[in-house]
Amino acid sequence: MTLVTLETSLLSRIRAIASLHRHHCCRYHARHVPEPQGAEISQLLTAYAAHPPQPITLSSLVAFGQPLTPKSLLHSVSYVLSEIPRRLARRARALEMLPFIVGTNPYMAKTLKAYRDSFQFLATYPRVTSLDENARFTAELIQLVESHRNDIPTMAKGFQECAKYMSPAQISNFLDGAIRNRISVRLIAEQHIALSQALEDRPKSGSTSHYGIVDMACSPAAMIKMCGEFVSELCEATLGAAPTIVIDGHQDTTFAYVPVHLEYILTEILKNAFRATVEHHYKQFGNTSTRTLPPITVTISPPPSPFSPFLSLRVRDQGGGVSPSNMARIFSYAFTTAGHSNSDDDVGGGGPYAAQHVGGSAAIGEDTGGGEGNLFGEITGKGLQVGLGTIAGLGYGLPMSRLYARYFGGSLDLFSLDGWGSDVFVKLRSVDQAGNAEI
């Protein structure tokens, strides 16, 4: 029996079970479908995982909304239902391939169950053939996306408890794959959600530069201001002071990009720069100093030509920089000494930028020890306390930001002038020129 035949046979049996339950559901399909036989789900998952994901180029994904019609929306939902289960199946298999003692950790088991449940839900979902059916499916897809919000921190907690059974390199490679998979699945799912909402709202809205989640006229200056206001409030609430932001260069530049990706990258970089600036200033002049904090300068450089479709940003701070001994580890998930809340205690410990990795609840997380072992306490420690919480507690730092920048062929690099400050250079490929970028 071929894989395709096996897949079809299993789907028929499992859908029959699921349809009995859906028949009795209320308006939206309930997601807690009775569990079919474990062996059948396992075989179905194996069949899906055996097929590599079908790459879709960014231009093809955007084309579902150019123009946006009921027919193109149904093509989009068909792709979602065929492709996301493949990617979930492969991540589930990756989790199953972890060392036994790691895979049986409760946090890893919880993540695996979430992948299996979502795979089962999507792989057995009936074919969507109308806009009404798509509306019901989209409502459930929103819930599914939301249900996976904490997958990476949950896995991180599992790795924290099992760190001695895997090397830092193995853990980093696994997290890289998990985060790339997360980016692709969310991109596909959120593009369909955005297109569905756009078609529903179209009579109420005028012309727009958005094609789903892609903004063809994304303004870096506007995004810098928005992220800067948020980080400034966060820094003020957490550290008691915040530097200003100076935007220079080509402030009127726009380019085609995914705003939510740019927002994440900018927020993480600015959090790093704000925190480094304030803590370095306190270290030099004391917490009661009335000296003005040096500003964070963000320079915008538009794509120089159609043949070089990269918009460049430079974020410059005077936060003391990174010591040469720590530069090689600055993008490592396993690099942090930021669990020490005493800013005077970072001699040889990386300084403020030691917190710029996946996770950081720097300065407030549990101290599980220095060096690489402290990574997971950073990710899973208290991300928010009261009010706006802590400047280093909302995200996964530079490694994840670099993955986002690289996703469409861009880059993110940090250069340090030890004792003075750091420059972060971000190159982002305009997505209308990244049509061949595979998702």
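Criteria and thresholds
Residue indices follow the written sequence of each chain, beginning from 1 at its first position. Selection of residues for local features in this predicted model requires a pLDDT of at least 70, selection of side-chain atom pairs for listing and counting requires 80 or more, and totals for whole chains, interfaces and linings are taken over all residues. Excluded from the side-chain calculation are hydrogens and water; included are all heavy atoms of the structure. A run of H or I in DSSP counts as a helix once it spans at least four residues, and a run of E counts as a strand once it spans at least two, with each numbered from the N terminus. Note on definitions: a residue-residue contact is assigned when non-hydrogen atoms from the two residues lie within 4.5 Å. Using the Shrake-Rupley algorithm and a 1.4 Å probe, accessible areas are obtained, with residue cover drawn only from the displayed protein chains. Angular values range over 0 to 180 degrees, each being the angle between N-to-C directions of two axes fitted as lines to C-alpha atoms, with helices fitted over their stretch in contact. Comment on the angle field: the value is read as roughly parallel under 35 degrees, roughly antiparallel over 145, roughly perpendicular from 65 to 115, and oblique elsewhere. Crossings are sorted by hand: turned counterclockwise from the far helix by less than a right angle, the near helix makes the crossing left-handed, and turned clockwise it makes it right-handed. All amino acids are sorted into three groups, where Ala, Val, Leu, Ile, Met, Phe, Trp, Tyr, Cys and Pro are nonpolar, Asp, Glu, Lys and Arg are charged, and the leftover types, Gly among them, are polar. Lining residues are defined by having an atom within 4 Å of a point belonging to a cavity or pocket. Those points lie on a 1 Å grid over the protein atoms alone, cavities being sets where a 1.4 Å probe fits but cannot get out and pockets being open sets with protein on both sides within 12 Å along at least five of seven lines. Grid points are joined across faces, edges and corners, and a volume is the space filled by probe spheres set on the points. Pairing between strands is defined by DSSP: at least two bridges between them are needed. The buried label goes to any residue with under 20% of its type's maximum accessible area, the exposed label to any with over 50%, and the partly exposed label to all in between, with areas taken from a 1.4 Å probe on protein chains only. Put simply, buried Ala, Val, Leu, Ile, Met, Phe, Trp, Tyr and Cys residues joined by side-chain atoms within 4.5 Å make one nonpolar core. By convention, a stacked pair of Phe, Tyr or Trp rings (six-membered ring in the case of Trp) has centres within 6.5 Å and planes under 30 degrees apart, an edge-to-face pair has planes over 60 apart, and any other such pair is tilted. Charge-over-ring placement is defined geometrically: NZ (Lys) or CZ (Arg) within 6 Å of the ring centre, and within 35 degrees of the ring normal. Note on definitions: salt bridges are taken to be side-chain nitrogens of Lys or Arg within 4 Å of carboxyl oxygens of Asp or Glu.

Enquirer: Explanation requested: the overall build of the chain in the structure shown.
Expert: Tallying secondary structure elements over the chain gives 14 helices and eight strands in all. Residue pairs in contact within the chain that sit at least 24 positions apart in sequence constitute 76% of those at least 6 positions apart. For the chain, the exposed surface amounts to about 19,400 Å²; the carbon and sulfur share of it is 54%.

Enquirer: Just checking my understanding: could you explain the packing of helix H11 (residues 259-285) against helix H14 (residues 397-407) for this structure?
Expert: For any two helices packed against each other, one specifies the inter-axial angle together with the distance between the axes. Where H11 meets H14, the closest approach of the two axes is 9 Å, and the angle between their N-to-C directions is 150 degrees. The orientation of H11 with respect to H14, classified from their angle, is roughly antiparallel. When you trace H11 past H14, the crossing you get is left-handed. Along its contact with H11, which presents His-261, Tyr-264, Ile-265, Glu-268 and Asn-272, the element H14 presents Gly-397, Leu-398, Met-400, Ser-401, Tyr-404 and Ala-405. For the contact of H11 with H14, the per-class residue count stands at six nonpolar, four polar and one charged.

Enquirer: Help me understand empty space enclosed by the protein in this model?
Expert: By rolling a water-sized probe across the atoms, one finds the places where empty space is left. Within this structure, the stated rule accounts for two cavities of 30 Å³ or more. Of the volumes computed, that of the largest cavity is approximately 170 Å³. Contributing to the lining of the largest cavity are 15 residues, with Leu-88, His-148, Asp-151, Val-185 and Arg-186 lying nearest its centre. Those elements giving two or more residues to the lining of the largest cavity turn out to be helix H4 (70-96), helix H7 (131-147), helix H8 (151-161) and helix H9 (168-201). The element that contributes the greatest number of residues to the lining of the largest cavity is H9, accounting for six residues. For the lining of the largest cavity, a count of residues per class yields 10 nonpolar, two polar and three charged.

Enquirer: What is the right way to read the sheet that holds strand E2 (residues 214-218) from this model?
Expert: The three strands lie next to each other as E1-E2-E4, forming an open sheet whose pairing is antiparallel. Looking at the sheet topology across the chains shown, the edges are occupied by strand E1 (210-211) and strand E4 (255-257). One ladder, built from two bridges, connects E2 with E4; its direction is antiparallel. For Asp-215, the partnering residue across the bridge sits in E4 and is Tyr-257. Lying on the sheet, H11 is in contact with E1, E2 and E4; it crosses E4 at an angle near 90 degrees.

Enquirer: Even after reading the chapter, I still don't get the environment of Ser-411, so can you show me in this structure?
Expert: With respect to the helices and strands, Ser-411 occurs in strand E7 (residues 411-417). Taking the C-alpha atoms as reference points, Ser-411 and Phe-310, 101 residues apart in sequence, are found 9.8 Å from one another. Dropping the residues within four chain positions of it, Ser-411 is found in contact with Ala-405, Arg-406, Phe-425, Val-426 and Lys-427.

Enquirer: Teacher, can you tell me more about the environment of Gly-419 here?
Expert: As for its placement among the helices and strands, Gly-419 is situated in the loop between E7 and strand E8 (421-429). By relative accessible area, Gly-419 is classed as partly exposed at 46%. Sequence-distant contacts of Gly-419, that is, excluding residues within four places in its chain, are made with His-280 and Gly-320.

Enquirer: Would you mind showing me how to read the nonpolar core here?
Expert: Here is a general trend for soluble globular proteins: nonpolar side chains tend to be buried in one another's company. Within the largest apolar cluster, 102 residues are counted, with the highest numbers of intra-cluster contacts made by Phe-137, Leu-262 and Leu-412. Looking at this core, the element that brings in the most residues is H9, giving 14 residues. Setting aside residues no more than four positions away along its own chain, Phe-137 makes contact with Val-77, Val-80, Leu-81, Leu-122, Tyr-125, Val-128 and His-192.

Enquirer: Looking at this structure, I do not really get the sheet that holds E7. What am I missing?
Expert: Sheet strands pair via backbone hydrogen bonds, and the direction of the pair is either parallel or antiparallel. The strand order E3-E5-E6-E8-E7 describes an open sheet built from five strands, whose pairing is mixed. The two strands at the open ends of the sheet, each matched to only one other strand, are strand E3 (245-249) and E7. Strand-to-strand twist in this sheet, taken as the mean axis angle between neighbours without regard to direction, amounts to 15 degrees. Where strand E5 (residues 296-301) and strand E6 (residues 310-317) come together, five bridges link them in antiparallel fashion. Pairing of Thr-297 across the sheet is with Arg-316, part of E6. Strands E3, E5 and E6 of the sheet are contacted by helix H10 (residues 220-239), whose axis makes an angle of about 170 degrees with E3. Contacts from H14 reach E7 and E8 within the one sheet, and its direction differs from that of E7 by about 135 degrees.

Enquirer: I would appreciate a short explanation of the packing of aromatic side chains in the present structure.
Expert: Aromatic rings in a pair are described by how distant their centres are and how their planes are angled relative to each other. Counted by the stated rule, this structure contains 10 aromatic pairs. Here Phe-64 and Tyr-79 contribute two aromatic rings whose centre-to-centre distance is 6.5 Å and whose plane-to-plane angle is 40 degrees, an arrangement assigned as tilted. Of the two residues, Phe-64 sits in the loop between helix H3 (58-63) and H4 while Tyr-79 sits in helix H4, which places them 15 residues apart along the sequence. One exposure class covers both Phe-64 and Tyr-79, and it is buried. Ring geometry for Phe-415 and Phe-425: centres 5.7 Å apart, planes at 75 degrees, overall edge-to-face. Of this pair, Phe-415 sits in strand E7 while Phe-425 sits in strand E8, and the two are 10 residues apart along the sequence. An aromatic cluster of at least three residues, connected via ring pairs, comprises Phe-255, Tyr-257, Tyr-407 and Phe-408. Directly above the ring of Phe-331 sits Arg-402, whose terminal nitrogen or CZ lies 3.9 Å from the centroid. If you follow Lys-427 out to its NZ or CZ, it ends over the ring of Phe-310, 5.0 Å from the centre.

Enquirer: I'm lost on the pattern of salt bridges in this one. Help?
Expert: It is possible for side chains of opposite charge to pair when their charged atoms get near one another. Counted under the stated rule, the structure contains nine salt bridges. Note that Glu-83 is salt-bridged to Arg-87, the shortest N-O span being 2.9 Å. With Glu-83 and Arg-87 both in helix H4, this residue pair falls four residues apart, about one helical turn. The two residues Glu-83 and Arg-87 agree in class, both being buried. Between Arg-93 and Glu-96 there is a salt bridge; the shortest N-O distance is 2.1 Å. One end of the pair, Arg-93, and the other, Glu-96, are both in helix H4, three residues apart, so they sit about a helical turn from each other. Classification of Glu-96 as partly exposed rests on a relative accessible area of 29%.

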